[in-house]
Amino acid sequence: MAATELKKKAQKRKISEEETEVPSAFPLDVGLDMRSEDEADEQEADDDDDGQTDEFPVLDPGSDSEEDDEVGENAEESEATDEDEVESDDEDEEDESEISTDDDELHIFPKPKTIVSDITGQPKRVYPEIEPDYDSDSSTEDTPNRVGNIPMHWYDDLPHVGYDIDGKKVLRPARGDELDKFLETVEDPTSWTTAFDKKAQMNKPLTAEELDLIRRLQENEVPDADYDPYEPTIEWFTGKGKEEVMPLSAAPEPKRRWVPSKWEKQKVMKIVRAIRQGRIVPNKPKTTASQLQFYSVWNEEPSAHPAPLPAPKPRLPTNAESYNPPEEYLPTEEERKQWEETDKEDRERDFLPQKYKALRLVPAYDQFIQERFSRQLDLYLAPRVQRVKLQIDPSSLIPKLPSPSSLKPFPIYKALQVLHNGYRVRSTSVSPDGAWVVTGDESGAVRLWEVMVGKEVKRWKFPTKIGAVEWCPRTDVSFFVVGLEEHLHFLIPPNLSTAILAATQALLSPATLPPQPTTPSLVKWVSQTAAASSVDSPILTLNLPPSSGVTKQITWHRKGDYLSSVSGSESQGAVWIHQLSRRHSQAPFRKVKGSIQLVLFHPTKPHFFVATQRYVRLYNLAEQKLLKTLIPGIRWISSMDVHPSGDHLIVGGYDRKLCWFDLELSEKPYKILRYHTRALRSLHFHPTYPLFASCSDDGSVQIFHARVYNDLMTNPLIVPLKILRGHQVKDGLGVLQVKWCPRQPWLISAGADGEVAVWCSANTELPSRSEASNMM
Amino acid sequence: MASTSASPSEISHPVVFTTQTPYPLPSQKFMIPTSWRRYQLSQLVNRALSLPSPIPFDFLVHGEILRGTLTEWCAEKGIGEEEMLEIEYFESVMPPQKMSDLPHEDWVSSVSCALPGHFLTASYDGHLRVFNYSQKLLYTSAVHMAPITSICVIPSSSSASSPTLLASASHDLTARLSTLSCPSDSPDSSVQVQVIASLHLHTASISSVSANSVGSHLLTSSWDDLIGLWDTSVPTTDEVPPEDVDRKKRRKVDEQASRPKRKAPLSVLKSHTARVSRAIFGTSEEAYSCGFDSTIRSWDVENGVCTNTITASAKPFLDLALTQSRTVLAASTDRTVSQYDLRASTASATTPSTATLRHSATPSCIVVPSTSNSSVDTSSEHQLLTGAYDGIVRLWDLRSVKSAVTSFKAWEGTEKTGKKVLSIDWARGIVGVGGEGGVEVWRLGQGGRAIPS
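Residues numbered from 1 in each chain as written. Chains lettered and ligands numbered in written order. Predicted model: local features only at pLDDT ≥ 70, side-chain atom pairs only at ≥ 80, totals over all residues.

**What to know about the overall build of chain B**
Across its full length, chain B carries four helices and 34 strands. Every one of the 453 residues in chain B was classed for burial, and the buried ones make up 46%. (Helix = DSSP H or I, 4+ residues; strand = E, 2+ residues; numbered from the N terminus. Buried ≥ 20, exposed ≤ 12 C-beta atoms within 10 Å, placed from the backbone.)

**Description of the overall build of chain A**
Scanning chain A from N- to C-terminus turns up 13 helices and 35 strands. For chain A, buried positions account for 26% of its 776 residues. For chain A, the share of sequence-separated contacts (at least 6 apart) that also reach a separation of at least 24 residues comes to 48%. (Contact = placed C-beta atoms within 7 Å.)

**Observations concerning the pairing of strand 25 (residues 327-332) of chain B**
Residue and element names in this part refer to chain B. In terms of burial, strand 25 is a largely internal element, five of the six residues being buried. Across five bridges, strand 24 (residues 317-322) lies against strand 25 in antiparallel orientation. By the bridge assignment for strand 25, Phe317 is matched with Ser332. Where strand 24 hands over to strand 25, the hairpin turn is made up of four residues, of which Arg326 adopts a positive phi near 60°. Where strand 25 and strand 26 (residues 336-341) come together, six bridges link them in antiparallel fashion. Bridge assignment links Val328 to a residue of strand 26, and that residue is Tyr340. Taken together, strand 25 and the strand that follows it, strand 26, pair antiparallel across an intervening segment of three residues, in which Arg335 is found at a positive phi of about 70°. (Pairing = 2+ DSSP bridges.)

**Points about the interface of chain A and chain B**
With 27 residues of chain A at the contact, the number on the chain B side is 32 residues. Residue contributions to the side of chain A that touches chain B peak at five residues, all from helix 13 (residues 769-775) of chain A.

**Focus on the UniProt feature "repeat: WD" (unreviewed entry) in chain B**
Residues and elements named next belong to chain B. Feature annotation in UniProt places "repeat: WD" (unreviewed entry) on residues 199-231, 269-309 and 384-406, given in this structure's numbering. Annotated as 0% helix and 61% strand, the span residues 199-231 places its first and last C-alpha atoms 10 Å apart. Helix makes up 0% of residues 384-406 and strand 52%, and the two end C-alpha atoms of the span are 11 Å apart. (UniProt positions renumbered as here; feature names shortened; annotations may be inferred.)

**Section: the UniProt feature "repeat: WD" (unreviewed entry) in chain A**
Here the UniProt-annotated "repeat: WD" (unreviewed entry) positions come out as residues 425-459 and 673-714 of chain A. Structurally, residues 425-459 of chain A is divided into 0% helix and 63% strand, and its ends, taken at the C-alpha atoms, are 14 Å apart.

**Observations regarding the pairing of strand 24 (residues 625-630) of chain A**
All names here are of chain A. In the sheet, strand 23 (residues 616-620) pairs with strand 24 via five bridges, with the strands oriented antiparallel. Paired with Arg617 across the strands is Thr629, a residue of strand 24. Taking the residues between adjacent antiparallel strands as the criterion, strand 23 and strand 24 are bridged by four residues, where Gln624 takes a positive phi near 55°.

**Brief notes about the sheet that holds strand 7 (residues 411-419) of chain A**
All names here are of chain A. The strand order across the open sheet built from four strands is 7-35-34-33, with neighbouring strands paired in antiparallel fashion. Edge positions in the sheet fall to strand 7 and strand 33 (735-740), since each of these pairs with one other strand and no more. For this sheet, the mean inter-axis angle between neighbouring strands, taken without regard to orientation, is 25°. (Axes fitted to C-alpha atoms, helices over the stretch in contact; angles between N-to-C directions.)

**Here we look at the nonpolar core**
A:Phe609, A:Met640, A:Val651, B:Ala167 and B:Ala330 are the most contacted members of the largest nonpolar core, which totals 202 residues. Filtering out sequence-adjacent residues up to four positions away, B:Ala167 remains in contact with B:Ile151, B:Cys152, B:Ile154, B:Ala175, B:Leu177, B:Val209, B:Ala211 and B:Leu218. Counting 17 residues, the second largest nonpolar core, distinct from the first, contains B:Val15, B:Phe17, B:Ile32 and B:Trp36. (Core = buried A, V, L, I, M, F, W, Y, C linked by C-beta atoms within 7 Å.)

**Some details on unusual backbone geometry**
Leave glycine aside and you will find that most residues have negative phi; peptide bonds, for their part, are mostly trans. All names here are of chain A. The peptide bond linking Lys408 to Pro409 adopts the cis configuration, its omega dihedral lying at 5°. Tracing the backbone shows Pro409 in the loop between helix 11 (394-397) and strand 7. At Asn220, a residue that is not glycine, the phi angle is positive and equals roughly 55°. Within the element layout of this structure, Asn220 appears in the loop between helix 7 (208-218) and helix 8 (262-277).

**Re the sheet that holds strand 17 (residues 551-556) of chain A**
All names here are of chain A. Read from one edge to the other, the open sheet built from four strands follows the order 17-18-19-20, with strand pairing classed as antiparallel. Each edge of the open sheet is held by one strand with a lone partner, namely strand 17 and strand 20 (584-586). For this sheet, the mean angle separating the axes of adjacent strands, direction not counted, is 20°. In terms of strand pairing, strand 17 meets strand 18 (residues 562-567) through five bridges, oriented antiparallel. Counterpart to Trp556 in the pairing with strand 18 is Leu563.

**A closer look at the confidence of the model for chain B**
Residue and element names in this part refer to chain B. Across chain B, pLDDT averages 78, with 84% of residues at or above 70. With pLDDT under 50 throughout, residues 1-8 is counted as low confidence; its partners more than four residues away or in other chains account for ten contacts. Note that residues 373-377 has pLDDT below 50 and, in this model, six contacts with residues that lie over four places away or in other chains. The ipTM assigned to the predicted complex is 0.84, against a pTM of 0.65. (pLDDT = per-residue confidence, 0-100.)

**A short note on the environment of A:Pro159**
Residues and elements named next belong to chain A. On the secondary structure map, Pro159 appears in the loop between strand 2 (123-126) and strand 3 (160-163). On the basis of neighbour count, Pro159 is assigned to the exposed category, with 8 C-beta atoms found within 10 Å. Sequence-wise, Pro159 and Pro173 are 14 residues apart; in three dimensions their C-alpha atoms are separated by 9.3 Å. Sequence-distant contacts of Pro159, defined by excluding residues within four places in its chain, comprise Leu171 and Arg172.

**Overview of the environment of B:Asn132**
Residue and element names in this part refer to chain B. Summarising the element assignment, Asn132 is placed in strand 9 (residues 127-132). Its 15 C-beta neighbours within 10 Å are what place Asn132 among the partly exposed residues. For the pair Asn132 and Phe119, spaced 13 residues apart in sequence, the C-alpha separation works out to 6.0 Å.

**Overview of the confidence of the model for chain A**
Residue and element names in this part refer to chain A. Looking at chain A as a whole, the pLDDT averages 79, with 81% of positions reaching at least 70. Mean pLDDT values for the elements of chain A range from 34 in helix 13 up to 94 in helix 8. Residue range residues 1-7 is modelled with pLDDT below 50. Its contacts to residues more than four positions away, or to other chains, number five contacts. The low-confidence segment residues 12-105, where pLDDT is below 50, has 43 contacts with residues more than four positions distant or belonging to other chains.

**Side note on the environment of B:Asp225**
All names here are of chain B. With respect to the element layout, Asp225 can be found in the loop between strand 16 (217-222) and strand 17 (226-231). Residue classification places Asp225 among the partly exposed positions, given that 19 C-beta atoms sit within 10 Å. For Asp225 and Arg275, which are 50 residues apart along the polypeptide, the C-alpha to C-alpha distance reads 4.7 Å. Not counting residues up to four positions away in its chain, the partners in contact with Asp225 are His272, Thr273, Ala274, Arg275 and Val276.

Next comes the structure, spelled out in structure tokens:
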């Protein structure tokens with residue numbers, strides 16, 4: 001039986017080698033499996049299937065023929081010469097064996113066994129155990145572990161390494177330590193042929209085939225042991241008896257097969273003729289133009305242009321776009337109104353959500369034509385009217401200024417006025433203690449009056465009109481200077497205390513005159529003796545050189561020792577600096593560019609401001625050099641005053657402009673104010689309050705708040721506070737001079753209408769409602 | 001009886017009338033139509049009392065003078081219709097009547113009615129003038145060589161026959177004490193003014209002089225920030241040496257016995273930082289002063305220290321008056337007369353005023369009726385007169401400070417702007433107004449003849 005089986009197997013292998021593609025790597029395994037399988041089958045068959053043999057007696061000789069095969073083979077060996085017979089025999093044998101194998105392999109579905117159940121006593125069919133190894137994809141594997149191709153470290157923490165086909169745990173094999181491994185390598189000579197099997201988690205010996213495969217791979221041989229690269233060729237169509245002797249067609253050979261072609265000759269001759277005539281140049285050198293131009297597609301410089309933008313994705317419709325939106329999406333009345341009021345370009349969305357009960361109630365799209373039209377315009381790239389949107393809040397453009405009411409006190413109302421019989425009052429001055437005002441009008445009268453009462457206490461009369469009056473800023477002496485044509489008169493007010501009077505007299509007409517300067521000045525100092533002097537006549541008179549004109553301005557140095565006078569006509573100005581202690585006058589400028597309008601002493605430094613018609617120059621008197629030229633941009637400068645700190649200068653002009661200069665900053669004005677409607681006449685900084693005033697020919701006086709910070713980074717704050725109206729414009733002249741009271745926020749303004757007004761501060765609180773009703 | 005006069009459709013208000021005048025109504029409830037004004041109420045009182053000649057009355061509701069209708073008043077105060085109103089009434093101030101005009105050549109800086117039967121005026125020409133009530137100029141003399149700023153009659157406790165002491169302050173840095181002898185039995189021409197002493201302290205113009213109620217002390221305020229305290233006794237010799245030698249020589253030459261003695265102050269009150277415009281006595285120990293430094297200071301005269309300072313913001317004060325209710329009234333250049341409570345603490349930087357009287361021009365002088373005749377009418381303790389630079393003299397009632405009770409314009413119709421009032425005095429219902437146009441005498445106050453209301 002075993003022998004027949006082996007034979008059968010050998011035959012079967014032959015067939016499988018020829019016809020089926022058996023994986024060649026593990027032929028022995030297959031054989032082993034098959035053997036066991038066959039054994040089982042045949043045992044079963046032998047044991048149980050007697051009936052089958054009975055049922056198929058015809059086929060039995062097939063199985064018997066197996067036994068005869070020996071004979072046949074033997075006969076084959078003996079009768080090797082008779083090929084055809086042998087072949088036919090072989091074929092028969094093959095057929096038979098195929099049938100027999102078919103007979104075996106037909107049992108794909110295992111046959112059930114019918115046994116009598118112990119429990120019920122009934123016969124039942126019992127199927128054999130499924131052998132999934134067979135015919136399955138993983139049939140070549142003999143590993144019981146069926147977890148598949150997974151990372152085995154998943155089982156690292158578990159006692160088993162996987163599951164077998166029945167779902168039972170495959171326990172982790174015991175693994176020896178390193179010493180065991182070493183001993184194994186030493187003791188077991190075959191241990192080098194083992195490899196670690198991941199699935200089984202243990203070393204498995206490699207089979208002979210695997211070792212052979214490794215060897216082949218190492219020696220670069222064909223890995224398949226069964227493949228013979230040097231197989232002898234099988235001559236299928238050549239060789240003896242296989243040559244073709246009969247023609248395929250019996251047609252005679254055509255003439256053209258052997259006669260040269262006339263047409264070809266004509267063609268060739270045409271070319272030959274052309275070559276001879278030179279029309280065709282053979283071996284013509286290839287021009288560059290004729291050569292094919294190749295270029296590298298990828299060598300081009302990348303384009304500098306940005307990639308075209310993808311079209312924006314249209315926004316997905318939301319609930320608001322629905323024909324039946326939820327209630328909260330519907331606009332309220334105010335929203336609807338607001339939507340209708342806003343411009344089309346400003347609308348957040350171009351539609352208003354509307355609610356329809358059903359889709360069939362939705363009307364036609366009313367914007368259809370408009371939308372198509374605008375889409376057309378888009379396609380044409382048609383320009384539209386671009387509406388310039390000004391999103392600027394106008395109130396934000398206005399500089400943030402504090403409210404005037406927070407900057408009190410400043411003069412608000414006219415407390416009193418002193419009349420000068422209608423003569424123009426060109427000049428006024430307030431005593432340094434703020435109690436007395438002296439005014440000079442064009443009739444030649446100089447009046448002294450109290451600030452707060454306005455009562456004229458003393459009057460002096462001079463023959464010509466008064467150009468300027470100015471109090472001496474010193475407090476230990478008390479006198480003022482009156483500037484007339486070619487004369488400066490020094491007057492002492494009445495009712496002085498004896499100490500002050502004596503000091504003033506000693507200053508203005510000293511008992512011992514100081515030594516005369518080496519170069520006599522053009523200005524003559526004439527003083528009366530203290531005993532002979534009275535309040536009615538000037539105690540000291542400075543006689544300016546003849547024809548020097550009316551004294552336009554007198555200005556004192558802060559310490560009261562120097563005073564400067566500007567005299568002359570409109571176009572010519574002569575500046576004199578007089579020193580009281582030395583009783584000496586000098587002209588600081590030998591030659592002056594332009595006509596000098598005004599001069600000013602710097603309050604802290606030995607600097608001297610000189611205003612010509614258009615420029616203000618700053619000289620250093622100690623070093624005798626020009627420091628700075630300020631360019632106010634005014635056609636004709638009329639007035640100028642310097643801030644008590646000395647760092648800021650305001651300049652007013654006949655062309656209505658008022659320029660504020662920060663002397664540290666620039667030669668250009670920091671700010672230009674044009675608030676007056678007519679020419680500016682006078683400016684004055686308050687000595688202590690952060691105020692300055694300007695007056696103009698429009699008959700108004702304007703009060704400004706001017707706060708100057710010690711911090712160099714902060715710009716001065718200029719706030720217009722109040723316009724004081726009350727002076728009459730007479731002959732085109734309005735207010736001619738303004739002066740502040742030194743200690744109070746009171747302003748003295750002298751007008752061309754012969755009125756000098758005192759303006760006082762006040763709290764103009766409105767009466768409350770309850771008070772107002774009570775007033776009825 | 002009043003409710004019968006009102007038509008039934010009108011809303012009425014329960015009212016109880018009280019008064020301190022000699023015209024009391026029976027204390028019963030009246031139903032007054034709320035549309036009534038002062039005029040109707042006054043008529044009601046007159047009819048109810050059936051006075052022989054009608055007397056106008058003013059009405060105080062809860063201490064405030066009724067200016068509109070009762071409805072308006074109740075709506076403003078939020079008082080319901082059923083609430084009982086207590087209305088006090090007093091005789092109205094008669095419209096002021098101009099009595100006489102005392103012309104002056106120069107401005108009059110000060111006027112005094114303190115002397116019965118006479119007006120004393122001080123002018124900017126340095127002259128002191130005495131008029132009697134019949135406008136007759138009794139005496140004139142140049143007391144000062146410079147403008148006089150203030151005069152004050154020093155009350156004396158002695159008999160009326162003795163000469164009255166006068167104090168005058170001037171721009172010439174001195175104040176002077178003079179005697180005014182006007183024997184009541186002799187004819188008016190015998191009025192004589194004799195300068196007996198000059199007060200030497202100040203180095204600037206003296207702005208005011210005032211005496212205390214018993215006439216023992218004087219206060220002078222000056223532009224040099226000082227206040228001088230003086231007694232009124234005349235020294236026998238010069239307390240202050242003459243200033244310059246020249247005059248001494250000259251004096252030795254003519255050697256007059258009647259030459260005014262030079263007097264030194266008892267003490268100097270020094271605390272103001274700017275010109276002092278007015279210094280007055282309160283009681284004998286207390287004095288008050290105001291100045292251009294926007295402060296009102298209380299002084300302990302005995303020790304010469306400032307005890308209290310009321311600081312206003314930017315209010316240079318021009319004049320000061322003390323009311324009987326321990327408040328002080330001060331006129332400032334910001335066109336207000338402010339009332340300050342003297343008991344207010346000085347903790348805050350600026351003291352709020354308790355009442356503010358608004359003027360349309362700078363108020364230059366304040367006068368409250370002198371305490372002597374206030375015992376007669378209690379209503380006058382709330383009254384004051386102010387004179388302003390627009391020439392208008394206003395009578396105010398402190399119970400109703402929204403607007404003046406009445407006003408009159410001195411030197412009417414002379415000019416558009418008006419002439420400045422520089423001084424007023426008010427005594428015995430007679431107001432003397434001095435200023436730019438001289439002096440005018442007006443009659444103002446209760447007790448005049450009744451005017452039909």
